[in-house]
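Observations on the model geometry
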Amino acid sequence: MTYITKPRLHHPLLKPNGLGFTRRDYEGKVSTLCAGCGHDSISAAIIQACFEIDLPPHRLAKLSGIGCSSKTPDYFLGNSHGFNSVHGRMPSVLTGANLANRELIYLGVSGDGDSASIGLGQFAHSVRRGVNMTYIVENNGVYGLTKGQFSATSDKGSKSKKGVTNHDQPIDLVGLALQLGASFVGRSFSGDKAQLVPLIKAAIRHKGAAFIDVISPCVQFNNHAGSTKSFDYVREHNAAVNRLDVILDRDEITVDYAPGSVELVTQHDGSVLRLRKLASHYDPTDRISAITNLQEHQAKGEIVTGLLYVDPEAQDLHDYLDTVDRPLNQLVDGDLTPGSGVLGALNASLR
Amino acid sequence: MTYITKPRLHHPLLKPNGLGFTRRDYEGKVSTLCAGCGHDSISAAIIQACFEIDLPPHRLAKLSGIGCSSKTPDYFLGNSHGFNSVHGRMPSVLTGANLANRELIYLGVSGDGDSASIGLGQFAHSVRRGVNMTYIVENNGVYGLTKGQFSATSDKGSKSKKGVTNHDQPIDLVGLALQLGASFVGRSFSGDKAQLVPLIKAAIRHKGAAFIDVISPCVQFNNHAGSTKSFDYVREHNAAVNRLDVILDRDEITVDYAPGSVELVTQHDGSVLRLRKLASHYDPTDRISAITNLQEHQAKGEIVTGLLYVDPEAQDLHDYLDTVDRPLNQLVDGDLTPGSGVLGALNASLR
Amino acid sequence: MTALRAINDFVVKFANVNGSGSASANGMFAKAVIRLGVPVAARNIFPSNIQGLPTWYEVRICEAGWLGRRGGVDLMVAMNPQTWDADVASIEPGGYLFYDNTKPLPPEKFRKDINILGVPLTAICNAAYRDPRQRQLFKNIIYIGALSYLLGMEVEVFETLIREQFAAKERLIPPNLEALHMGREEAAKILAPIGLQMRRSDKVGDRIFVEGNNAAALGAVYGGATVCAWYPITPSTSLAEAFTDYCEKFRVDPVSGDHKYAIVQAEDEIASIGIVVGAGWNGARSFTCTSGPGISLMQEFVGLSYFAEIPAVIFDVQRGGPSTGMPTRTQQSDILSAAYASHGDTKHPLLLPEDPAECFEFGALAFDLSDRLQTTVFVMLDLDIGMNEWLCRPFQWDDSRRLDRGKVMTYEELAAGKEFGRYLDVDGDGIPYRTLPGTHPDRGGYFTRGTSRDPYARYSEEGAVYVANMERLLTKFETAKGLIPAPVQHKAKRRTPYGAIYFGSTSPAMYESLETLEAGGIHLDALRLRGFPFADEVFDFIAAHETIFVIEQNRDAQMRTLIMNEGGVDPGKLVSVLNYDGSPITARFITDEISRRARDSAMRPVPQVAE
Amino acid sequence: MTALRAINDFVVKFANVNGSGSASANGMFAKAVIRLGVPVAARNIFPSNIQGLPTWYEVRICEAGWLGRRGGVDLMVAMNPQTWDADVASIEPGGYLFYDNTKPLPPEKFRKDINILGVPLTAICNAAYRDPRQRQLFKNIIYIGALSYLLGMEVEVFETLIREQFAAKERLIPPNLEALHMGREEAAKILAPIGLQMRRSDKVGDRIFVEGNNAAALGAVYGGATVCAWYPITPSTSLAEAFTDYCEKFRVDPVSGDHKYAIVQAEDEIASIGIVVGAGWNGARSFTCTSGPGISLMQEFVGLSYFAEIPAVIFDVQRGGPSTGMPTRTQQSDILSAAYASHGDTKHPLLLPEDPAECFEFGALAFDLSDRLQTTVFVMLDLDIGMNEWLCRPFQWDDSRRLDRGKVMTYEELAAGKEFGRYLDVDGDGIPYRTLPGTHPDRGGYFTRGTSRDPYARYSEEGAVYVANMERLLTKFETAKGLIPAPVQHKAKRRTPYGAIYFGSTSPAMYESLETLEAGGIHLDALRLRGFPFADEVFDFIAAHETIFVIEQNRDAQMRTLIMNEGGVDPGKLVSVLNYDGSPITARFITDEISRRARDSAMRPVPQVAE
Ligand SMILES: Cc1ncc(C[n+]2csc(CCOP(=O)(O)OP(=O)(O)O)c2C)c(N)n1
Ligand SMILES: Cc1ncc(C[n+]2csc(CCOP(=O)(O)OP(=O)(O)O)c2C)c(N)n1
Ligand code: SF4
Ligand code: SF4
Ligand SMILES: [Mg+2]
Ligand SMILES: [Mg+2]
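Residues numbered from 1 in each chain as written. Chains lettered and ligands numbered in written order. Predicted model: local features only at pLDDT ≥ 70, side-chain atom pairs only at ≥ 80, totals over all residues. Heavy atoms only, no water.

The helix and strand inventory of chain A stands at 12 helices and 13 strands. The globule rule puts the C-alpha radius of gyration for 351 residues at 20 Å, and the 21 Å found for chain A is close to it. Along the first, second and third principal axes, the C-alpha set of chain A runs to 75 × 50 × 45 Å. A burial count over chain A gives 66% of its 351 residues as buried. For chain A, contacts bridging at least 24 residues in sequence account for 70% of all contacts bridging at least 6. For chain A, the computed accessible surface area is about 11,200 Å², with 52% contributed by carbon and sulfur atoms. In chain A, 34 side chains carry a positive charge and 36 a negative one; their mean positions are 7 Å apart. (Helix = DSSP H or I, 4+ residues; strand = E, 2+ residues; numbered from the N terminus. Rg over C-alpha atoms; globule rule 2.2 N^0.38 Å. Buried < 20%, exposed > 50% of the residue type's maximum accessible area, 1.4 Å probe, protein only. Contact = heavy atoms within 4.5 Å. Areas by Shrake-Rupley, 256 points an atom, 1.4 Å probe, with all protein chains shown as cover. Lys, Arg positive; Asp, Glu negative; His and termini not counted. Charge placed at Lys NZ, Arg CZ, Asp CG, Glu CD.)

Below you can see the structure in the form of structure tokens.
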């Protein structure tokens, strides 16, 4: 068992953020995952990100499916409402929650089995609808909770702990998200907090469907040689395209940067994404080249990470549906019930 | 009602093929679809293709989901077994049928609602498993049988017959099939028999997961101005990358072709695909550039058609599973039941 | 040969080809009957297909007001060559056959014992119109015109209907009026009014003519539904479409154009119910509508809603099952899969509307109940109620009525330190309080799951904790009994040991049958179920009778199963009367079945006693 | 303070931390008991989690041969600090507490009325090993060694077990033997053998110790299953994994290495059952295994299998429902959702194995039945049978037995012009002939669909055609009654008006309870259900008794519902005894429940009469 609340994990615990919350206020129950599980590091990164962007904890709703990964929302943001729904269906539940109250922030946490196997359809359709959410897949290439079977993201040729080889083509959720029109797509590694935390911050501040694939090794069942989701393998094949900082408001930007080296993207809500290029000429606002780049590196067995694509102008499902600003769950009788007045004419039209 | 069997539709009806079958032998029941429905043209193309490759009709099994498109297997190959299963689940049923008897040819017929909406997950997973099949989606961008709602392949911004605009990102099954590792990917148009028939022939002769997206206008609900799946729209935006001929065995090839203009691809079973390039430098054996090319034309609102990708060396699910050559449904007691002999040792090991 | 003679009491059946545009013309005919003050029951029989296959429209004209199917045909309007033989065969002796005699038909195509009414419709159209589509469309109006003459119906009624129908497309009014009169005049030239005649009456009153799906959709609007997630499936599609139309009418801010609703056509039924559950969890009233196959796919989520206690509403417009079954036929065969939906031990409330008026009322009520009970509530329609226009009492709404949001703890209560345990039974009714996400910074937050947890929503694998929770859910279900609409009893004129239990679209046929049986000396007390769980009245009624006929439109007597199982009723007392061939049950069928059994069991009317 | 004394009749419970590797050591302990010729019942109680949470292993040692849970603990091996207090509290007065006393614990952590057995396990390990993982693993063997001494168990038995277990990894044998002896010697230094002792006996006979999932998987191999499509879910996962192992052992061609089977881990349960249905349609014997949530998701396909008549086998290893419920606890709560799976009117055969031996037999039989009946057959296991090793009679197979492929028309029959109608009831048993794809060039081809069609598989929307088909399906279900394993009756020593009906994993507890009740003067005839639809014997048995107790492991008495509904049984006669807290039912519970009711209803043993 690892204790996310272990003091030494994050210091200084008591320094408050802009809202006066300390990092402790963003923590949750004690994790019951295996010691060293990548998922716990992602929970810690979420806590860190929410703390840094001064998020009122209760204004975020956590939704998940079923799996070790899907258990994690219980281990962060303990004052937020959470919903550990059914296997593979978090995207639809999140979509419904989002429709009911557009003012909250929706964080979907899922696993590779939950999203790429049973949940592939819902993953795809929630993304193409432009649901305003941060969708994180804690991707370990196996079914952890059911003890280590291959999931749909296991690479072809990779070996299970028992030595069985996987023959199915892998599903790359990042590639799909790009094709399906996600307006924010990133990939990271549970072992790289410096890269992961800003990605989560940016995703939360993004308007539209934000997807982050986080490779998160399963120390129990998929961290052996022959696995392409082990700590070692990911470290060796990690090809980061950029380094991201999130600046909450424009004015904070003082220095100018050498042209080309840095790109600034201003999101809908005014937050600025400062991107230091690592792969030269990588343009995270060009969807097609993002797709091509991804395919090319994949062919070389490399794992592309970083902020891969962002459309700062994106719209969301509520824009498409023209829903009122007031959350639907706060509309009252007067807003909803036409009353007896209109029934006379209506009845007449039916005679 | 259109009668596929209308004599004038295909002449000469009585000329037999290599097996002595006439085209009539490949026909089915009278279609009950709307007059002019694109789907009926696809049925006619399937009949034509099977006739031309001398297919013994009963050696092919037809599987489908639910929809106008999924009804069509009743309208061709009347002597073949057919299975009109449940909505969106044809891929799993086909996979099972294929496992039971690897010797037959499996033709899956589906609609865009059937495969891209409810069936997206099964479509994706059957493709990534490399099931040896020809998977045809009769894509009209609407739910025909339920009277014209948008399907997941309806383009963003396209208008319904009632004038409603679609806001969701479209799902391009061709793009997904390419990403998911389909070893044969093509797109065509129900109105272009010359292009469609050879594609179907090649797909049937292909070993592995062969996918063909056929734009097939719904004259009842999606053939109006504002639709991107209407006959007019498709004709205007059709960007064919090549023209295909299928030569059943190598020796038939006599002439040599001017280098570059024509590409010859020999499939696993010896059939040769002769490709006349229409888009210069289009290489149908390069998956990544196929993906890029597709995305670029899509961005321009063009519909890329032709044989978009083929891997002639592809393996199929049975190869991965090392299944015996003899169909599983023909194994007898002796093959299957270990008998009492081995139980002594087994029981002993459990004491 | 005798010719049937009747005034305001006969059945006209239209046989057409699907997609030929006959529907609106036939509908106009039914509406004309209503405008003449005569009750009408009209039903579509259509194929699972878009164009080219046979469809029928059966219009029962009945001054006495019986709205069930009568069975039999007095006047057949035979417009479909494919089904000619069967259509002609179905006419009652002495009945009438109306057809297009442009092409002469051989004598063996007719019957000696019926009256033949030939009008050269095609010839008339070809002479009048050039465009084939026009020829087809106006042909329908022309035969309506001809019928109006033959049946002695006031032409003004049709003229008004045409003007109303094309109010939006003015230019279409003259040609339609023209076609109408053309039909009347041509018929008058060659035929005389027949033995079936219509007279203006006053038996309709203020009733409206509307589809149950449309009424249920309006109910959802009045019930405060703001989120609708659905997936097309016959016969439920028109419910979501009607909800869309009503929302555009009543829920769009006139100034800003903002929508006070969100409708999502999901990718399938699992996503539909998932969206509904997510919205319900977050405090919006939400629903989906579907039919059998969707109910099968929604099982897992319904179980989650039961166990995690999340409000949801499902309109199940039942069709012929199992599997794809008969998508365009009616049945009441999802009772068990709805009431006991999902694996494990579960029970769910059902509402059972008998007509569109109740579809509206229960459609609204369902949302109060699901919020109050924090669980899925099913509204069980069927194709007959849902997709046919029924004559029923007008929509009414009491403006003093308030939406019941159930037990939702507010910011104020939380701030005041009121104790919150998501699954704590504070009131003894088995219903705990819930909070909505985002309510309070550090109170009332909880983690929802479908796995076992304690009253404070903390994960637990303790057997005792699990059992206590499951027992509380039974207490909650007991509470539900008091909230579900009570059954309606119809007492026989005489004291009788016999009872009948029925529900839903069976009502009109049942009412008619009860009267016929009574006339035949068979007296039955009748009880109409309006929901599940069953109120005690249901079991009192059963206890008060020796034999109870349970009338259902399914094969396996599913409602009988539910009654036996929930009430510990001796199956021996419950005699099934089952119609499940996909066409709506008729009074004739019920009457025959009960009379037959009456004879067998020597069931006698009990001599009247002073009570 | 008294110390419990018993020979070959006591309960040892191990409290460990999940993932600490204790499972194999504890298993070795149970196996040692068996090697000593003493019957054992061992059950894991584990969390829905991979590492760090509490798990228990309960070993009932019982010379008398009762294999149900007894309840209570005589010797607690307390290795988990998290659960110390509850574990200590659960020990019977006079019982024993074995623990690691390396770190001293305050006196209030103990009880006065139990015997404390402290061994400094950690200290011993730290002294002996450096590597932490080793320390952890060998600690388990060390406490087994200590126990073997305390309980007077022959060390040779353990030595042999260690040699067998590590036969593959020879080098591990010496260190394990070392650890074993270390434990014995250290214990001997500080403690004396306790009041609970083991003596070699001969009560095990040729029985084997195996998990039901493993046995069912072997049954599937013997039953000729060639296609398995599955999706991981506790507690069914190990069934698919065992099938894989057995196929690698028995179905791989030694020469070519070809596999005479195909196993696909599908993307979900809908795909799993879809693959099974596709394979069944094409003539391969295929199955899936799942648990509650999967059963909910498979509803639509099961309805298709029922209506289109396609063979399929589903092993449902039941767990605590509803929803995610208690994934690692046992229940019999999917009875209704399996028997009546899917919307519309449907019924499906169920097989109800009582132990691993029957899991093997029914696992094989299910495939003959599904081919013969052309429908889905459910084999209903539960977590208790499926994931625990049970002592049961050895696997047996009659080599003269042939797989029954049911009615499949051959090429020869078709060529000979034998009439073929896919849904034609030629034999009057309701079972039609089918053909397999590719059989004959121009005969026997047909189009399968879930929509209504005529006996020749031609699409039809005719009500009469639909009804005839649905009636035939009922005839087929009647035929099934004769094929399902008959119930097994256990007559009381005396004539009695009382009966008991039970099934599945309840058996061992039931047998024990019957004897206890009898000793207490309460006589019951008992009937064990082995399948559904119910044979007439079931209803004869009910008719022959006044009151029948129905013992189930679910809340809503689902089997009772099935019995009432299918047999028209008066619910008043069926008294429910329900255990559903997730832990296997105990003889004590059954005995108490029945005795209590016996007292209430003044249920008396009937004086013996000459029969
Ligand atoms: C409908 C359903 N099917 C199967 C399961 C069993 N199950 C629980 S978690 C899981 C897979 C989890 O894998 P993943 O999403 O990758 O999460 P991880 O444990 O690897 O983090 C499965 C199959 C279930 N709970 N529900
Ligand atoms: C589980 C389920 N949901 C919904 C339906 C209703 N339904 C029948 S066909 C169809 C859509 C068909 O669309 P598509 O696959 O595009 O076929 P098309 O008719 O356009 O050729 C739907 C939603 C169904 N039969 N089953
Ligand atoms: S099993 Fe794997 S994924 Fe699950 S908690 Fe352990 S390490 Fe993490
Ligand atoms: S509705 Fe559309 S898809 Fe269906 S048959 Fe008619 S034209 Fe074809
Ligand atoms: Mg995983
Ligand atoms: Mg379509």
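Back to the text.
All right, on to the overall build of chain C then. Assigned secondary structure in chain C consists of 19 helices and 24 strands. Summarising its shape, the C-alpha atoms of chain C cover approximately 85 × 70 × 40 Å along the three principal directions. Burial statistics for chain C: of 611 residues in total, 67% are counted as buried. Restricting the contact set of chain C to residue pairs at least 6 apart, pairs at least 24 apart contribute 76%. When the accessible surface of chain C is split by element, carbon and sulfur atoms take 52% of a total near 19,500 Å². Across chain C, the 62 positively charged side chains and the 76 negatively charged ones have centroids separated by 4 Å.

A few words now on the packing of helix α10 (residues 292-308) of chain C against helix α10 (residues 292-308) of chain D. Interaxial distance between α10(C) and α10(D) falls to 7 Å at its minimum, and their mutual angle equals 170°. Considering the angle they form, α10(C) stands roughly antiparallel to α10(D). Here α10(C) contributes Pro293(C), Ser296(C), Leu297(C), Gln299(C) and Glu300(C) to the contact with α10(D), which in turn contributes Pro293(D), Ser296(D), Leu297(D), Gln299(D) and Glu300(D). Residues belonging to the contact of α10(C) with α10(D) are distributed by class as follows: four nonpolar, four polar and two charged. (Axes fitted to C-alpha atoms, helices over the stretch in contact; angles between N-to-C directions. Parallel < 35°, antiparallel > 145°, perpendicular 65-115°, else oblique. Nonpolar A, V, L, I, M, F, W, Y, C, P; charged D, E, K, R; others polar.)

The interface is formed by 60 residues belonging to chain D together with 60 residues belonging to chain C. Of the roughly 5,000 Å² buried where chain D meets chain C, counting both sides, 56% is carbon and sulfur surface. Together, Pro322(D), His343(D) and Arg555(D) form the three largest contributors to the area buried by chain D at its contact with chain C, with a combined 16%. Seen at the junction of chain D and chain C, the total is two salt bridges. One salt bridge in this structure joins Arg329(D) and Glu461(C), with 3.3 Å as the shortest N-O distance. (Buried area = accessible area lost by both parts, 1.4 Å probe. Salt bridge = Lys/Arg side-chain N within 4 Å of Asp/Glu carboxyl O.)

The next thing to look at is the relation of the copies chain D and chain C. The relation between the two chain copies is a rotation about an axis coupled with a shift along that axis. Superposing chain D onto chain C requires a rotation of 180° together with a translation of 0.0 Å along the rotation axis, leaving an RMSD of 0.0 Å. The superposition operator between the copies reduces to a two-fold rotation axis. Every residue of chain D has its C-alpha some distance from the rotation axis, and the shortest such distance is that of Asp570(D), at 2.3 Å. Most of the interface of chain D is mirrored in chain C, where 100% of its interface residues again form contacts. (Least-squares fit on C-alpha atoms with pLDDT ≥ 70 in both.)

Taken together, Leu33(B), Cys34(B), Cys37(B), His39(B), Cys68(B), Asn140(B), Cys218(B), Val219(B), Gln220(B), Phe221(B) and Ile50(C) make up all the residues around ligand 4. The environment around ligand 4 is built from residues contributed by chains B and C. Among the residues making up the shell around ligand 4, the classes are represented as eight nonpolar, three polar and no charged. (Near = heavy atom within 4 Å.)

Residues and elements named next belong to chain D. Most of strand β12 (residues 286-290) is tucked away, with five of its five residues classed as buried. Burial of the side chains of β12 extends over both faces: Ser286, Thr288 and Thr290 are buried on one face and Phe287 and Cys289 on the other. Where strand β10 (residues 227-230) lies against β12, two bridges are found, and the strand directions are parallel. Across the sheet, the residue bridging to Val227 is Ser286, located in β12. In terms of strand pairing, β12 meets strand β13 (residues 312-318) through four bridges, oriented parallel. Looking at β13, one finds that Thr290 is bridged to Asp316. After leaving β12, the chain enters α10 and then returns to the sheet as β13, a path that is right-handed. (Pairing = 2+ DSSP bridges. Right-handed = clockwise from strand over helix to strand, strands pointing away.)

A few words on the interface of chain D and chain A. On the side of chain A, 25 residues touch chain D, which itself brings 20 residues to the contact. Surface buried jointly by chain D and chain A totals about 1,600 Å² across both partners, of which 52% is contributed by carbon and sulfur atoms. It is Ile50(D), Gln51(D) and Tyr231(D) in chain D that bury the most area against chain A; as a group they hold 37% of the surface buried on that side. Seen at the junction of chain D and chain A, the total is zero salt bridges. At the surface where chain D touches chain A, the tally comes to eight residue pairs in polar contact (both at pLDDT 80 or more). Split by residue class, the side of chain D that touches chain A holds seven nonpolar, nine polar and four charged. (Polar contact = N/O pair within 3.5 Å; in protein donor to acceptor, adjacent residues only side chain to side chain.)

The next subject is the environment of Ile548(C). All names here are of chain C. Following the sequence through the fold, Ile548 ends up in strand β23 (residues 547-552). Residues Ile548 and Thr330, spaced 218 residues apart in sequence, show a C-alpha to C-alpha distance of 24 Å. Residues within four places of Ile548 in sequence aside, it is in contact with Gly499, Ala500, Ile501, Phe541, Ile542, Lys573, Leu574 and Val575.

A few words on the coordination of the magnesium ion (ligand 6). Residue and element names in this part refer to chain B. At this site the magnesium ion (ligand 6) is bound by Asp112 (OD), Asn140 (OD1) and Val142 (O), with donor distances of 2.1 Å. Of note, the donors binding the magnesium ion (ligand 6) are all from one chain and are spaced D-x27-N-x1-V. Residue Asp112 is found in helix α4 (residues 112-117), and its partner Val142 is found in strand β5 (residues 142-143); the two are separated by 30 residues along the sequence. (Donors = N, O, S within 2.8 Å, 3.2 Å for Na, K, Ca; no water.)

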